[in-house]
Each structure stands twice: as structure tokens, then as C-alpha cells.
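Structure assessment
Spelled out, the chains give:
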Amino acid sequence: MWRFAAGARRFETELFTTAPDGLPGNDDNGALSSEYVWAALGMMPATPGTPALALNSPLVKRAVISLGNGRRITIDAPKAADNAPYVTGMRLDGRHFESTALPASFATRGGDLDVDLSTRADTHWATGATAAPPSYRTGGVPAVGYLTPTGTQVTPGGTSLPATVGVSELAGHAGAVRWSAVSDVPGFTVTPSSGTLDLRRAARATVPVAISVAPDTPSGYHPVTVDFRTAGGTALPGGAVVVTVPAADGAATACDTLGATDTECGLRFRDNGDGHAEPVTVGGRSARSAGSMCP
């Protein structure tokens, strides 16, 4: 807990400032601003779709939040300061509370949270196994499969794309994982097209493959997907790559963007106002280059 609280405080005081460039990125719809507000309150949403709130430490001495249902959340931290990120004690509704997460009911029913803070770390507070945030395992899978490279890849007819099929352990024991690669477009061949990846003695296993495109493959954006299953038949999340084939008919083009290359965009390009489009050549075909996005 004490290390997380110190890291969150650095996030608040070093990445956010009142200068013109005081946000560490693009504040799309207030996403970064709201993240700062949560951190300053001393808590953060931990798991999407759940009311779980993980705790760090308040930067403000007092905060009152109206929940809209007649209830409210009150946070009191009299010793809050930039240099006092360490929690030494906590009370929830007047009772001793020692955890790194609030109960799920707190977000909807409200409550009073009193936090004792210090400039010195308490390396023992909330470090036991029972103080950990909730872990949601229902529906979890033991491993996840993948195919790299990801995204859209330009591969003209008569050539091949080197790729890697892999699987990584998440939790539990996946054992031997069977995989098979498929494409619904004639002219695509994956070699090898199937196999077994062994996770019995390793946390990750990979195999190189080649995605070949026949010379007469039509223009288009053609997905190649990989199915992964355990020996017991459990389906695992898989991987896919979209292969852009720029044939002579010119019906498929690609563009490169800031952060991702060869993004599928067909014959039309629309700039969203963040950058400027410039003509480029990708895979021997005309395309557009931009610092924004290519829908």
C-alpha cells in the first residue's frame, strides 16, 4: 500500500501542473482530468463494470460527494499534504478499517472515511493478504493466444508475411494448447496451419508461421484468425491480423498514422482535425499519411 500511495502522489504532483501543457496527454472528454480527481480523493475505480474502489491516499483535507440518491461520501484527511502520501490508519464509518480497497457498497450507499496520513511510510499497514483488493475470477481463462504482427499488414499477391503464433499463461494451468489458423479468402495459406503449444513447463510458447498470398488474390482487407483451445476443449481468446492486398485494380489502399501503420481506410481519407494528410506510397500503392486517424 505504501509504495502505491507514493507512486500515485508522484502521478498527481509531477504529471499534472497549472502550466499550459499541464496534462500528460490528450484530455479526451475529461478522461485525464477525472483520473486526477479520483487520485486526489484517495481512491480509484479498480475494475470496469464493478463498484470496486482501490485506495491510495487523499491529496485534499476534506471532500464531500453527493451520490444523487440522497446519500453522500465524506472523506476527511486533516494531515493531507503534497509530501504526506503515506496512510498510517483509516476508519470507515467510525470503525477501524485496514484494506487497500473499499467495500462495493461504499460507491452506492456512501459513508464516512477518515484517513490518517504521514510523511513517513508505514511499511506494515494494509500489507496482509486479506487487505488486497477483490479479484474477480469468474469466467477467467488459463491463457490467452495471440498472432503477431497485429493490425493491418500490406502483403501484395505472390508474397508472404512472416508471423508468430503464441500463447501466454494467465492463471491456472493451461497445459497443452491446440491452435489452428484460418482465412475465409481463397489464395491465403498459413504454414504451418495448426499445432500444439506447450505451457506445462513455461509461461509462454511461440511458433513461427508464414502467411502466403497467392498472386491472383483480389484487392481487399482479408483477416487471418487463430483459434486456441486447451486439451479439455476450453476456448481461449485468440489473435488475428488483417492482410491488405493491394492488387492492380486499386480497390484497396492503406495509410500510415501516428502510432499505427498501414491502417485500413479504403479509397477515402478523412482527417479529424488533429493533423494533416500527405500523399505517401505504401506497399507500392498510393495512400495517405497523417498525424490523426484514418477511419
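Let me begin by describing the structure that accompanies this report.

Rules behind the numbers
Residues numbered from 1 in each chain as written. Predicted model: local features only at pLDDT ≥ 70, side-chain atom pairs only at ≥ 80, totals over all residues. Heavy atoms only, no water. Pairing = 2+ DSSP bridges. Helix = DSSP H or I, 4+ residues; strand = E, 2+ residues; numbered from the N terminus. Axes fitted to C-alpha atoms, helices over the stretch in contact; angles between N-to-C directions. Expected span 1.5 Å × (residues − 1). Buried < 20%, exposed > 50% of the residue type's maximum accessible area, 1.4 Å probe, protein only. Arc of directions from axis to C-beta. Contact = heavy atoms within 4.5 Å.

**Examining the sheet that holds strand 15 (residues 204-213)**
- Taken in spatial order, the four strands of this open sheet run 9-11-15-13, and their pairing is antiparallel. Of all the strands in the sheet, the pair left with one neighbour each is strand 9 (143-148) and strand 13 (188-191). Between one strand axis and the next, the sheet turns by 25 degrees as a mean value, whatever way the strands run.
- Inspection of the sheet shows strand 9 paired to strand 11 (residues 160-169) by six bridges, in the antiparallel sense. What sits directly across from Gly145, in strand 11, is Val167.

**Some points on helix 1 (residues 2-14)**
- The first and last C-alpha atoms of helix 1 sit 18 Å apart over 13 residues, in line with the 18 Å expected at 1.5 Å per residue.
- Within the span of helix 1, buried status applies to Ala5, Ala8, Arg9, Phe11 and Glu12. Viewed along the axis of helix 1, the buried residues span an arc of 155 degrees, placing them on a single side of the element. Residues of helix 1 that are exposed and angled more than 90 degrees away from the buried face: Arg3 and Arg10.
- Where helix 1 is buried, its residues touch helix 2 (31-41).

Honestly, it's all geometry; don't read function into it.
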